[in-house]
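Notes for the structure review
Single-letter residue listing:
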Amino acid sequence: MPQLIDICNRALAQIAAGQIADFAEGSIEAREATRFAKPLLAELAEWAPWPWARTRVVLAEVSNDRPAEWLHAYAAPTNLAQPIAVRAVEDDATTLPSGGPFPFPLQDAAPLAFLYEGGRIYANVANATLVFVRNNVTAPDLPPLVARAFELELAARLALPVKKDATAAQTLARAAEIARMRAIADEANKSGERPARYVSEAELARAGLAFPGDAA
């Protein structure tokens, strides 16, 4: 997988700038690559709910400053870029559909409410687990199409400070946007996820599923 300096050199090649061997070498290319590349990596984590950048953690409960609105408050993970879902503690599944009109996991059919605000995750679930996109992604984490989108976006941002070329910056920004959309679509296609939708009790019954509170 490419290292950050490799992607930076490809971005510099896009604007016909010199290559770098080290971020500390003192050239304008190295200085500007250092200034833009790492912040762009953090920004990239927020472009989409990337499957390859997802993780989950059991949240640590903190003082709830909104008790009239939420039952629980949790400290947000320090590496949180995008919260995706809250999960409750549940028993191991014994029966699950192998296919059909369901999202997978089935919990996405009735997503648990939460709010991310002010460094806290608010929810009505005890011992909540947060599914989220982490912000500490590195260059070797990037799949090829995502790395290409990153390269073009970085080139667009380097064109002005390194080459003083506004036209190249605009052209590369358009190319980067197209590459970003392509990468997002490719990752969505690879993940096999289905949009969450309402699943009726009749559909659940036909699948042989029952949940706590269902009539015996």
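Residues numbered from 1 in each chain as written. Predicted model: local features only at pLDDT ≥ 70, side-chain atom pairs only at ≥ 80, totals over all residues. Heavy atoms only, no water.

Strand order in the open sheet formed by three strands is S1-S7-S4, and the pairing between neighbours is antiparallel. The open sheet is flanked by strand S1 (54-58) and strand S4 (80-87), the only strands paired with a single partner. Sheet twist, expressed as the mean angle between neighbouring strand axes with direction ignored, is 30°. As judged from the six bridges shared by S4 and strand S7 (residues 129-134), these two strands associate in the antiparallel manner. Within S7, the position partnered with valine 86 by the bridge is leucine 130. (Pairing = 2+ DSSP bridges. Helix = DSSP H or I, 4+ residues; strand = E, 2+ residues; numbered from the N terminus. Axes fitted to C-alpha atoms, helices over the stretch in contact; angles between N-to-C directions.)

All right, on to the nonpolar core then. By size, the foremost hydrophobic cluster in this structure holds 41 residues, and its most contacted members are Ile15, Leu44, Trp50, Trp52, Leu142, Phe150 and Leu154. Those elements that provide at least two residues to this core are helix H1 (4-14), helix H2 (28-44), helix H3 (144-163) and helix H4 (166-191). Sort the elements by how many residues they give to this core and H3 lands first, with 11 residues. Within the second largest apolar cluster, 11 residues are counted, among which are Ala76, Leu80, Ile121 and Phe132. (Core = buried A, V, L, I, M, F, W, Y, C linked by side-chain atoms within 4.5 Å. Buried < 20%, exposed > 50% of the residue type's maximum accessible area, 1.4 Å probe, protein only.)

Our focus in this paragraph is the sheet that holds strand S3 (residues 72-75). The strand order across the open sheet formed by four strands is S2-S3-S6-S5, and the pairing between neighbours is antiparallel. Of all strands in the sheet, those bounded by a partner on one side alone are strand S2 (60-61) and strand S5 (114-117). In terms of strand pairing, S3 meets strand S6 (residues 120-123) through four bridges, oriented antiparallel. Residue pairing for S6: tyrosine 74 is matched across the bridge by isoleucine 121.

The next thing to look at is H2. Taking 1.5 Å per residue, 17 residues should reach 24 Å; H2 reaches 24 Å between its end C-alpha atoms and fits that length. Along H2, the residues classified as buried are Glu29, Ala30, Glu32, Ala33, Ala37, Leu40, Leu41 and Leu44. Of the surrounding elements, those touching the buried residues of H2 are H1 and H3. (Expected span 1.5 Å × (residues − 1). Contact = heavy atoms within 4.5 Å.)

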